Structures are given as structure tokens and as C-alpha cells.
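Now for the letters of each chain:
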Amino acid sequence: MAYASHIINHSKKLRNAPDLLWHEQALLFRWFSYDVQPSIAKRDEMWKMRCHGYVPPERERVTKSFTNSTSFFGAYKRRNVSTTNLKVGNSIAGLEFSKQYSGLQVPLRRGFASDAGLPPHQEIGMPSLSPTMTEGNISRWLKKEGDKVAPGEVLCEVETDKATVEMECMEEGYLAKILRGDGEKEIKVGEVIAITVEDEEDIAKFKDYTPSSSASAAADKTPSASTPPKKEEVKEPVTSPEPKVSKPSAARPTGDRVFASPLARTLAEENNVPLSSIKGTGADGLIVKADIEDYLASRGKQVPAAASKTAPALDYTDLPHSQIRKITASRLLFSKQTIPHYYLTVDTCVDKLLDLRGQLNALQEASGGKRISVNDLVIKAAALALRKVPQCNSSWTDDYIRQYHNVNINVAVQTDNGLFVPVIQDADKKGLSKISDEVKQLAQKARENSLKPEDYEGGTFTVSNLGGPFGIKQFCAIINPPQSGILAVGSAEKRVVPSSGAEQYKFASFMAVTLSCDHRVIDGAIGAEWLKAFKSYIENPESMLL
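Residues numbered from 1 in each chain as written. Predicted model: local features only at pLDDT ≥ 70, side-chain atom pairs only at ≥ 80, totals over all residues. Heavy atoms only, no water.

On the UniProt side, "domain: Peripheral subunit-binding (PSBD)" (unreviewed entry) is annotated at positions that read residues 259-296 here. Annotated as 45% helix and 0% strand, the span residues 259-296 places its first and last C-alpha atoms 19 Å apart. (UniProt positions renumbered as here; feature names shortened; annotations may be inferred. Helix = DSSP H or I, 4+ residues; strand = E, 2+ residues; numbered from the N terminus.)

What follows concerns the pairing of strand β12 (residues 192-197). Across a regular strand the side chains alternate sides, sitting on one face of the sheet and then on the other. Within β12, 6 of the 6 residues are buried, leaving the element largely enclosed by the surrounding structure. Two elements, strand β5 (residues 121-125) and β12, share 5 bridges in a ladder whose sense is antiparallel. Bridge pairing links Ile124 to Ala194 in β12. Alignment of strand β10 (residues 173-178) against β12, held across 4 bridges, turns out to be antiparallel. Paired with Ile178 across the strands is Ala194, a residue of β12. (Buried < 20%, exposed > 50% of the residue type's maximum accessible area, 1.4 Å probe, protein only. Pairing = 2+ DSSP bridges.)

Our next topic: the confidence of the model for the chain. Looking at the chain, the pLDDT average stands at 75 and 68% of residues meet or exceed 70. Taken as a whole, residues 214-254 scores under 50 in pLDDT and shows 29 contacts with residues more than four places along the chain or in a different chain. Below a pLDDT of 50 lies the segment residues 301-308, which in the model reaches 1 contact outside its immediate sequence neighbourhood of four places, other chains included. (pLDDT = per-residue confidence, 0-100. Contact = heavy atoms within 4.5 Å.)

Along the polypeptide, Asp428 turns up in the loop between β19 (423-424) and α13 (432-447). On the basis of relative accessibility, which here comes to 6%, the residue Asp428 falls in the buried class. When near neighbours in sequence (up to four residues on either side) are disregarded, Asp428 contacts Lys380, Ala383, Leu384, Arg387 and Val407.

This part takes up the pattern of salt bridges. Evaluation of the coordinates by the stated rule reveals 21 salt bridges. The shortest N-O distance in the salt bridge between Lys148 and Glu172 comes to 3.7 Å. With Lys148 in strand β7 (residues 148-149) and Glu172 in the loop between β9 (164-168) and β10, the pair connects residues that are 24 residues apart, well separated along the chain. The partner of Lys445 in a salt bridge is Asp455, with the nearest N and O atoms 2.7 Å apart. Remark: Asp455 occurs in helix α14 (residues 453-456) and Lys445 occurs in helix α13; sequence separation between them is 10 residues. The exposure class assigned to Asp455 is buried, which follows from its relative accessible area of 11%. Linked by salt bridges that have partners in common, Glu135, Glu186, Lys188 and Lys326 make up one network. (Salt bridge = Lys/Arg side-chain N within 4 Å of Asp/Glu carboxyl O.)

This next bit is on helix α8 (residues 262-270). Buried residues of α8: Ala264, Leu267 and Ala268, and no others. End-on, the buried residues of α8 take up no more than an arc of 100°, which puts them together on one face. Away from the buried face of α8 by more than 90 degrees, exposed residues Pro262, Glu269 and Glu270 are located. Directly beyond the C-terminal end of α8, a positive phi value near 55° is found at Asn272. (Arc of directions from axis to C-beta.)

A surface patch of nonpolar side chains, amounting to about 370 Å² of accessible area, comprises Val496, Tyr505 and Phe507. With respect to the helices, strands and loops of the structure, Val496 is situated in strand β21 (residues 485-498). (Patch = residues over 30% accessible without salt bridge, like charges linked within 9 Å, V, L, I, M, F, W, Y side chains within 5 Å. Areas by Shrake-Rupley, 256 points an atom, 1.4 Å probe, with all protein chains shown as cover.)

What follows is about the packing of helix α12 (residues 374-388) against helix α16 (residues 524-539). At a minimum axis distance of 9 Å, the contact between α12 and α16 shows a crossing angle of 135°. In terms of axis orientation, α12 runs oblique to α16. Every pair of crossing elements has a handedness; the one defined by α12 and α16 is right-handed. Between α12, through Val378, Ala381, Ala382, Leu384, Ala385, Leu386 and Lys388, and α16, the contact on the second element is made entirely by Trp530, Ala533, Phe534, Tyr537 and Ile538. Of the residues in the contact of α12 with α16, the class split is 11 nonpolar, no polar and 1 charged. (Axes fitted to C-alpha atoms, helices over the stretch in contact; angles between N-to-C directions. Parallel < 35°, antiparallel > 145°, perpendicular 65-115°, else oblique. Left-handed = near helix turned anticlockwise from the far one by under 90°. Nonpolar A, V, L, I, M, F, W, Y, C, P; charged D, E, K, R; others polar.)

For the rest of this paragraph, the subject is the environment of Asp376. Take Asp376: it is sitting in helix α12. In this structure Asp376 comes out as buried when scored by relative accessible area, which is 1%. For the pair formed by Asp376 and Lys434, sequence separation is 58 residues and the distance between their alpha carbons is 9.5 Å. Apart from residues lying up to four places away in sequence, Asp376 is in contact with Arg371, Leu432, Ile435, Ser436, Val439 and Lys440. A distance of 3.0 Å separates a polar atom in the side chain of Asp376 from the backbone nitrogen of Ser373. (Polar contact = N/O pair within 3.5 Å; in protein donor to acceptor, adjacent residues only side chain to side chain.)

Across the sheet, which stays open at both edges, the 6 strands sit in the order β13-β22-β21-β20-β16-β19 with mixed pairing between neighbours. The open sheet has two free edges, formed respectively by β13 (341-349) and β19, since each of these has just one partner strand. Strand direction decides the pairing type here: strand β16 (residues 409-411) and β19, joined by 2 bridges, are antiparallel. Within β19, the position partnered with Ile409 by the bridge is Ile424.

Below, the discussion takes up the packing of aromatic side chains. Under the defined criterion, the tally for this structure stands at 3 aromatic pairs. Consider the rings of Phe461 and Trp530, whose centres lie 5.3 Å apart with planes at 35°: the pair is tilted. With Phe461 in strand β20 (residues 461-465) and Trp530 in helix α16, this residue pair connects regions lying 69 residues apart in the sequence. In terms of burial, Phe461 and Trp530 fall into one category: buried. A connected cluster of aromatic rings, assembled from ring pairs, spans Phe461, Trp530 and Phe534. (Phe/Tyr/Trp six-rings, centres within 6.5 Å; stacked < 30°, edge-to-face > 60°.)

With respect to the helices and strands, Ser394 occurs in strand β14 (residues 394-396). For Ser394, a relative accessible area of 1% corresponds to the buried category. Engagement of the side chain of Ser394 in a polar contact is seen with the backbone oxygen of Pro390, the distance being 3.4 Å. Apart from the residues within four sequence positions on either side, Ser394 is in contact with Ile401, Arg402, Gln403, Tyr404, Pro482, Gln483, Ser484 and Val521.

Core analysis: the biggest nonpolar cluster contains 53 residues, and Val378, Ile409, Phe461, Leu487, Val513, Trp530 and Phe534 have the highest contact counts within it. For this core, the element with the highest residue contribution is α12, accounting for 9 residues. Residues contacting Leu487, with those up to four places away along its chain left out, are Val378, Phe461, Thr462, Val463, Ser464, Val513, Thr514, Leu515, Trp530, Leu531 and Phe534. Counting residues in hydrophobic clusters, the runner-up holds 16 residues, among them Cys156, Val158, Leu175 and Ile178. (Core = buried A, V, L, I, M, F, W, Y, C linked by side-chain atoms within 4.5 Å.)

Here's what the structure looks like:
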């Protein structure tokens, strides 16, 4: 009862209730009395106690009409309670006792008034904005401390492992404190980044606020308490010997006696090593053989360093990893280490494809549309080949191979911020003009670092083209997990080939493409069948329009 009274006295939402305290104390007295019935009456009284607590506006429950009799210190009193909308949130007066009843438990998501005098507030944590996100960076805050916020307003921009996403406010209030500012990096999911309050006058009370860190404090104390002095003695011979010989403070005054083992003295005399410049690592500072050997090794390393002073020093700049760069690196490393890659390469004649592209672009320009690229035709051909050979439109799991019914093509886009792979949904069902428009829009959003999760999630196959933009003849791409295939597209080049006509030879344009396959999902014959279908669409492009 004293605990509940203490909470009531410190709760800002309950101070203005005139006779709440004695009423709650009477209810609490009933809870500890063995003479009062323990059944539904207690639960109903608890609900009435909870309706006085501080509650968030988003949760509501409706209690049924009922009539109950309550006892106050032996006297009985009738109360009629009508149907009421009770906003059920974080209980204050009934907090301690609701722990015994799972039906009444509501997890605390707010900070309440405490002995430190802090008013009710809410801690905003780093959200998980993508399935693979474990930490994020704050690009910039769109709200500053003291600003009023409303549901749906954007608080800040968070850089996830795949894109920069806007984080919206969930409740109305005021932004009292920003704990992680613009440019903060490697913030773990769930870590507190800001504080909001309901009343504007409470903002100043959070000027020096720091989130609770009892767990981290305990973790900091554990190593210092458990580290014995002997660990330092064991580690010193292993660490670099530079502190022992390079610091002038390590030298002893000439009048002090130097303690060294006989073997160490002999070794020092043979190599002209002054014992006064060596710090011993033995018992009570005794110089041992290992100290002399470390000194000689360090002196041997310093000679080439001194000789190389005349050589010009390297000039370099350290570029910090972006969140996208780190995630891309880890995913590609995981792919190369865990997926059994194999590669199939085929040359495709693109003369008819280039002729069809010229005809379609003439129609596009006449109608005011955008030009169609060779890459748009490649995406369409790859999508139709996946529909024809669905085994390549699959992914591996430990229990089964999942074969997708949607053909969603990821397109690799290189930007200044890193590699992005936006997705063209249902590419097999879209026309060339629609594919071309979507590729251009997504590529622009990728360069602006404004892709949303729906712009890059859900792909089943990837196309990477380094031929058109960079003139790369042929290359092998790394599979983008959990997919089982990626097509690497090279540049088109003219070659001399035998002619079936009057002339003995003719010129033709060929484009090399390489299919990277996950051998767990795609057998060699299946991969070859897919490349055969893809080549057929490229060399007979009119069939893609049927």
C-alpha cells in the first residue's frame, strides 16, 4: 500500500484527483484482507483502480455493465457501474498487484515520475526498418528539441542496411531530448535515440537526461573486478616491446642497481645491450632472457625503418564504411562462402535485337515516350526465360527448394553511396515501355538514396550489366542471396562470321552473357536450358512481343 501511495503521489496525472488517495488505500486494504471475497469483485475493483492511471490514448477497452458490492473496513456500499469506455494503458495504482493476473498485465512502454523528479515521458528507440537490420545510422533529424510532434510526422531519416528510410512519430507530444544526433553511426536496434513528453513545460527537465544504463554499467564493472594482476604479466611479453625500449622514462637512474638473470646479463654483454634501458618483466622487475631478445628484435626492426626515412611517405585517405557498404560486403562474403557457384557463358547475336530497338525507339519518340535501352530488352528476355524454365526462379532452404510464381527482376545500380538492386515486380507481365520507365525511376531514386523497402525487396533473380555503361566484355557476378541465379551482361562487339549468302564472310554483333548458378538448386543442364531460352528471345526479339 505504501508503494502504491508513493507512485500516486509522484504521478502527474493523479495529483489533481481530490480524494483519490484515500479511496485507493481502501481498495488496497481490501486486497490484503483475507475476509473479502477474492473472485470477480477483486478484478472489477482492479479495473477501476487502473482507469485512474496514466494511459496512452491508443488503447481502449469496454467493460461490461455490472453491479457489485464493495466493502470499506467492514461497511458495505452498493455501486452501479454503467458501460464505460476505459482507456487501458500502463497501470500506476494497480501496477504491483496486476502482476499476479496475466489478463491484466500491460507492458510498460513509458517512463513515469520518479524520485529524480522526471515527469512522464517516452523513450524512442532505434527501430528495425528491414528484416536484416541489426543497427542503423541517423542521417539527419527533421525535428529539433522543443518541437511539437504529431502522429505521422517524420522525426528523422535513418540509414538502414539497404536504404535511407524516414522514421515517423507514433504519438502526439514534444521532442524533449535528442540523444543520438545527426551522423551518429552503428546504433543498435532498440537503443534509445530520443525522448518525448506530453507537456511543453516538461522539456527543460530533460536537458541533462541520460537513458538507463544499468546493464552496461554492470558489464563495465565485471572486467575490472575479474582481471587479476597476473594477466598483465602474462600479456606483457606478447605485446609489442616498443614501450620497454622506446620511452626515455623507462631508463633507470645511473645510481640504481639493475637486477638481471645471469643468462640475460651474458646475452646483453654479447650484443652490447645496456641493461639500464630495459624494463624487466620477471619477478620484482628482474630482467630475463626474453627481455633481451625482445629488445634485440625491436632494434632490428628499427634499422630498416630508419633507412626508409628517405623514401616518400604514402599519401592516403581513410573513408569510413557506410551502412550499405558494410551490409553489401557481409552479404556477398556470405554468398561466396556458402553458395556453391558455377558459371555458364554463351554468346548471343544481337543484330535483330538492335534493329527492333531502333524501330521501337522511333515509335517512342513519335509518341513522346522515353527511349528503350538494350538492358530493358535483356530484363524482359530474362523474365520470359524464367517463366519458361521456372527451376531457375527458385531459392534454397534447409528443408526444401522454394519455387516462386512471381518473376521479380532485381537490377544492379551503382551509385556514389554503394551498390543498390531495385526490383521490377512481375517483369514477365509488363511491356518494354513500362519496364523502361520503372528502371529509370528506380535508378534515379537509388542515386538519390531515397529507395523504400518495397523498391528493393522481393526479387527472385538479378541482372547486372557492365557491358553497356562500361564496355566490359565478360564477367562473373556473385549471387544475391537468397536467390539462386544472377545474369552478368557484357558489351556487344562486332565479329567476322561465315556468311551463307554470296559473300563468304559478314559482320555480326555478339554479346556475351554469363549465368552464375547455385548448384544446390540449379543443375548444369537446367542452367544450360535457361540460357538456351534466353538466347532464343535475344536472337528472335519479336517473340518477346507475342
